Amino acid sequence: MSHACKLAAGNWKMNGLRANLDEARALAAAFPDPKCGILLCPPATLLATMRDALSGTAVMVGGQDCHAQSSGAHTGDISAGMLADAGARQVILGHSERRADHAETSAQVAAKASAAHAAGLVAIICIGETEAERDAGKTLDVVLSQLADSLPEGATSANTVIAYEPVWAIGTGRTPTIEQIAEVHDALRAALPDAGISLLYGGSVKPANAAEIFAITNVNGALVGGASLKAVDFGAIIAALEGAPD
Ligand code: PEP
């Protein structure tokens, strides 16, 4: 059993306008004193206003990506320091949608994670196999090499969280079996340099399957996409995490 902190992280992806801040407020009101970390990662346009809307609550806000440089001629990009300045405490890095849509490599993810650490942010580093890689029996090879190549120097439980997200389970309604999740999380736990680094599962986590996923040894929480957009759904997932064994 690890001593990793429990975390429920919501990834709003490219969803959310100011009107949707009511969902964030409702979530915060439902968990005035949560037994786990709660994080919402809205699009960058909403970060500062969500931070203000959640001021004085237990819900943290985070970014969905950052640049590896601290400033400069990188039109459209956002630095880790800018995210911190807007109120972010954490940043998702290497999400499979960014690895696919923007051809991000694990080496780039590691550089971004170093930049996040330098800005005082916790880096939530995402890894996961494609369906073809799983079918070819390469899941553990893929995730362990992504982990080794995406983790920067100096990664500790204070500045890093790992999210295992099978690409084929994201946004599809399909999830791995309990045994498949356990196999990967056990392998990741054994490979991590710090036993306190939290390991999240991500991929079609819903109120209906959250409790059985959180009961798996070495699953310390979840990275949640679609179900994090509604306070009632994300709230049910958070309640399941609060009730899960440590
Ligand atoms: C994600 O975006 O990281 C994710 C896990 O999405 P979903 O929960 O919608 O599958």
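Residues numbered from 1 in each chain as written. Predicted model: local features only at pLDDT ≥ 70, side-chain atom pairs only at ≥ 80, totals over all residues. Heavy atoms only, no water.

Our next topic: the sheet that holds strand β6 (residues 160-164). Read around the closed barrel, the eight strands follow the order β1-β2-β3-β4-β5-β6-β7-β8; overall the barrel is parallel. Neighbour to neighbour, the strand axes of the sheet diverge by 25 degrees on average, direction disregarded. Bridge count between strand β1 (residues 7-11) and strand β8 (residues 221-224): four bridges; the pairing is parallel. Each residue of the ladder has a partner; that of L7, found in β8, is G221. The strands that helix α7 (residues 139-150) touches are β5 (122-127) and β6; relative to β5, the one it contacts most, it runs at about 150 degrees. Against the sheet, helix α8 (residues 178-191) touches β5, β6 and β7 (198-202), its axis set at about 155 degrees to β7. (Pairing = 2+ DSSP bridges. Helix = DSSP H or I, 4+ residues; strand = E, 2+ residues; numbered from the N terminus. Axes fitted to C-alpha atoms, helices over the stretch in contact; angles between N-to-C directions. Contact = heavy atoms within 4.5 Å.)

Another point: α7. Residue pairs three or four apart in sequence face the same way in an α-helix, which turns once every 3.6 residues. Over its twelve residues, α7 runs 16 Å from end to end, which matches the ideal 16 Å to within 8%, given 1.5 Å per residue. What α7 keeps buried is the set T139, V142, V143, Q146, L147 and S150. Buried residues of α7, seen end-on, are gathered within an arc of 125 degrees and therefore sit on one face of the element. Residues of α7 that are exposed and point over 90 degrees away from its buried face: D141 and A148. (Expected span 1.5 Å × (residues − 1). Buried < 20%, exposed > 50% of the residue type's maximum accessible area, 1.4 Å probe, protein only. Arc of directions from axis to C-beta.)

Coordinates in, geometry out; function isn't part of it.
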